[in-house]
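As a plain string of letters, each chain reads:
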Amino acid sequence: MRVLFYDYDAGALGIQSLFASLRDTSHEVYLYLDCSCPRQYLADSRLLERLFTLTPGQICDDLTAYEADVFCFSITSLTFAPILALIDHLKARKPNAIVVCGGVHSTLLPEKVLMQENIDFAVVGEAEFSFPALLDALDKHTVEDVKSLPAHELPGVWNASNGEIIDRGLSPIPHDLNAIPFLDKSLHHRINPGLTPVYSTVSFRGCFYKCSFCNDPAIREVYEQNNSTYCRGRTVDSLLAELRFAKAHYHPKHIEFHDDIFASDRTWLEEFSRRYPVEIGLPFNVQTHPLLLDDEKLGLLAHSGCTMLEFGIQSASPEVREQILRRYETNDRVEHLVRKARELGMRVETDFIVNLPGERPEHLDQILEFIYTTRPSLVNLHFLVCLPKTEIETIALQMGAISEADVQAVLERGHLIQAKYPTHAFAVRYRILPIQFHMACSLPPGIARKINNILENKIVGRVCAPLGPLFVVGTRLAAGLFDRRAYLYWFQFSFGLRNMGKVILRKIFGKRHPRLRLGSGEQ
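Described in the following lines is the structure provided in the data block. (Residues numbered from 1 in each chain as written. Predicted model: local features only at pLDDT ≥ 70, side-chain atom pairs only at ≥ 80, totals over all residues. Heavy atoms only, no water.)

**With respect to the sheet that holds strand β12 (residues 284-288)**
Here six strands make up an open sheet; going across it, the order is β8-β11-β12-β13-β14-β15 and the pairing parallel. Of all the strands in the sheet, just β8 (198-201) and β15 (378-383) have a single pairing partner and so form its edges. This sheet shows a mean twist of 20° between the axes of neighbouring strands, independent of strand direction. Looking at chain direction, strand β13 (residues 306-314) and strand β14 (residues 347-354) are connected through six bridges and run parallel. By the bridge assignment, Phe311 is partnered in β14 with Thr350. (Pairing = 2+ DSSP bridges. Helix = DSSP H or I, 4+ residues; strand = E, 2+ residues; numbered from the N terminus. Axes fitted to C-alpha atoms, helices over the stretch in contact; angles between N-to-C directions.)

**Describing the sheet that holds strand β7 (residues 164-166)**
Pairing in this open sheet of seven strands is mixed, and the strands run β2-β1-β3-β4-β5-β6-β7 from one edge to the other. What marks the edges here is a single partner per strand, and that holds for β2 (28-34) and β7. The mean angle between the axes of side-by-side strands here comes to 25°, regardless of whether they run parallel or antiparallel. As defined by bridge partners, strand β3 (residues 70-74) adjoins strand β4 (residues 98-102) across five bridges and the pair is classed as parallel. Counted as the bridge partner of Phe71 is Val99 from β4. Each of β1 (2-8), β2 and β3 touches helix α3 (residues 56-64); the most contacted strand, β2, lies at about 160° to it. (Contact = heavy atoms within 4.5 Å.)

**Concerning the pattern of salt bridges**
Counting across every chain of the model gives 28 salt bridges. As a salt-bridge pair, Arg266 and Asp294 come within 2.5 Å of each other at their nearest N and O atoms. With Arg266 in helix α12 (residues 266-279) and Asp294 in the loop between β12 and α13 (295-304), this pair connects stretches of sequence that are 28 residues apart. For Asp294, a relative accessible area of 25% puts it in the partly exposed group. (Salt bridge = Lys/Arg side-chain N within 4 Å of Asp/Glu carboxyl O. Buried < 20%, exposed > 50% of the residue type's maximum accessible area, 1.4 Å probe, protein only.)

**Side note on the side chain of Arg205**
Structurally, the position occupied by Arg205 is in strand β9 (residues 204-205). A polar contact of 2.9 Å, which involves the side chain of Arg205, links it to the side chain of Glu128. Beyond its immediate sequence surroundings of up to four residues, Arg205 is in contact with Ser17, Glu126, Glu128, Pro174, Leu177, Ile180, Tyr230, Cys231 and Arg232. (Polar contact = N/O pair within 3.5 Å; in protein donor to acceptor, adjacent residues only side chain to side chain.)

**Some remarks on α3**
By the burial criterion, the buried members of α3 are Gly57, Gln58, Ile59, Cys60, Asp62 and Leu63. Contact partners of the buried residues in α3: β1, β2, β3, α4 (80-93) and α23 (487-509).

**Looking at the packing of aromatic side chains**
To describe a pair of aromatic rings, one takes the distance between the centres and the angle between the planes. Considering all chains together, one arrives at 27 aromatic pairs under this definition. With a centroid separation of 6.0 Å and an interplanar angle of 50°, the aromatic rings of Phe182 and Phe245 are classed as tilted. Of this pair, Phe182 sits in the loop between β7 and α9 (186-191) while Phe245 sits in helix α11 (residues 236-249), and the two are 63 residues apart along the sequence. For Phe245, a relative accessible area of 29% translates into the label partly exposed. Taking 6.4 Å as the distance between ring centres and 75° as the angle between the ring planes, the aromatic pair formed by Phe245 and Tyr250 counts as edge-to-face. One aromatic cluster is present, built from ring pairs that chain together Phe257, Phe262, Trp268, Phe272, Tyr276 and Phe284. In this structure, Lys147 packs its charged tip against the face of Phe121, placed 5.8 Å from the ring centre. Arg515 extends its terminal NZ or CZ atom over the ring of Tyr66, reaching a point 5.7 Å from the ring centre. (Phe/Tyr/Trp six-rings, centres within 6.5 Å; stacked < 30°, edge-to-face > 60°. Lys NZ or Arg CZ within 6 Å of the ring centre and 35° of its normal.)

**With respect to the nonpolar core**
With 61 residues, the main nonpolar core has Leu63, Phe73 and Ile119 as its most contacted residues. Among the elements that take part in this core, α4 stands out by supplying six residues, more than any other. The contact partners of Ile119, leaving out residues within four places of it in the chain, are Phe80, Leu84, Ile87, Val99, Cys101, Val113 and Leu114. Of all hydrophobic cores here, the second largest spans 59 residues; its members include Ala246, Tyr372, Ile435 and Ala440. (Core = buried A, V, L, I, M, F, W, Y, C linked by side-chain atoms within 4.5 Å.)

Have a look at this one:
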């Protein structure tokens, strides 16, 4: 089979893991890496988005040029709607194309994904075993025959047949993560060499917390219903072996760990801290949960070479954290961890979510007070999106922040659910928060408070609100330029510029990236 994967930005680790599983098979595997720039990288400007984003028609032209039999898409709830639009364009051009969707959204809502007539198969769970089995089946049988196979012959691969959804359960899970091949990034890096400076991987799959805004609890439930283990980790031996391979083949300058909860096991971290500086020695960044950390673990991370630590705090109100977000760390604990990490020389970034159900002005004031007190290096601001099958979706429904129609829209066509702003004044306040956060992080608290109080004046706020997205981009660019610990931002900036150039070349001159086959050449 000739198989084409659609991917975008820096690439999905799940797709790179599938490439490793498919590398030695007889299938012809190709990658189309969409070079469009996400709007959050373009100061949230619709004009810049139009300039530096390929249209579905242009992408479809590129996809059909591969003359592939099978087209593969990894979808999240955030990307389902735009990718579905792309799939519809593709099927209009190539009606016989076989479309396979995997990823988080397919795992949580396979029956809804398959309601779309242009999607042939949905892979539920991790696909290292089930997807190669699907390709082998398509090699031997017609598409309709494959859609009629019993569950035990194609576990984890769902489809619609004769108006019914064929439920084949969960994909066989790689319970031993040490036994699966290392990520294969060769196609991504050959297509876009700008990806080379940062190598991304994971040491642990899954998360054992139950945050209301995250879909991890719902995924874990799917696994438990199928008697499979969701949370699994790798040995230090396995992880360091992969990173040695990465250094030899991809020559990165920085390592990025995508674990939801890095360093959950103390004994593992102690071994990692001893060996990583000697055997790898590259700076790295992680994100983790405040309840996992203490002074000793922070010291081990700093000794290992961690240069940037991202804390998901989400709200500075203990009441909101517990009752709305299902987070149970205390402010004192988090404040201590942020200060301690900074003392150890790490760059500390904190995440907050706003536009939460029942949000009041004092909740935003509490975030600012937290920043004045702890002085993190940077604050990442997120606006709540109610992902399907999350507890916060139910909470928002009960509090009237969203409607049943909103829920149905995301289930049927992937339209995102964002709680409605309580008032117009809140909308303005949200837009100036990036400016206020920057002032609170970078200026002495007394001066920052005065400036931020001025920004809350109605007239000043409305005038300054359009500058908010520019501050989001500008603070990260400045960090990448002037703080060596924030190398990740410099990488994103240079990678983004490269992609802008690729988009312009594609739009004006029709230049496409080379069609490279997996395994046809080495990095």
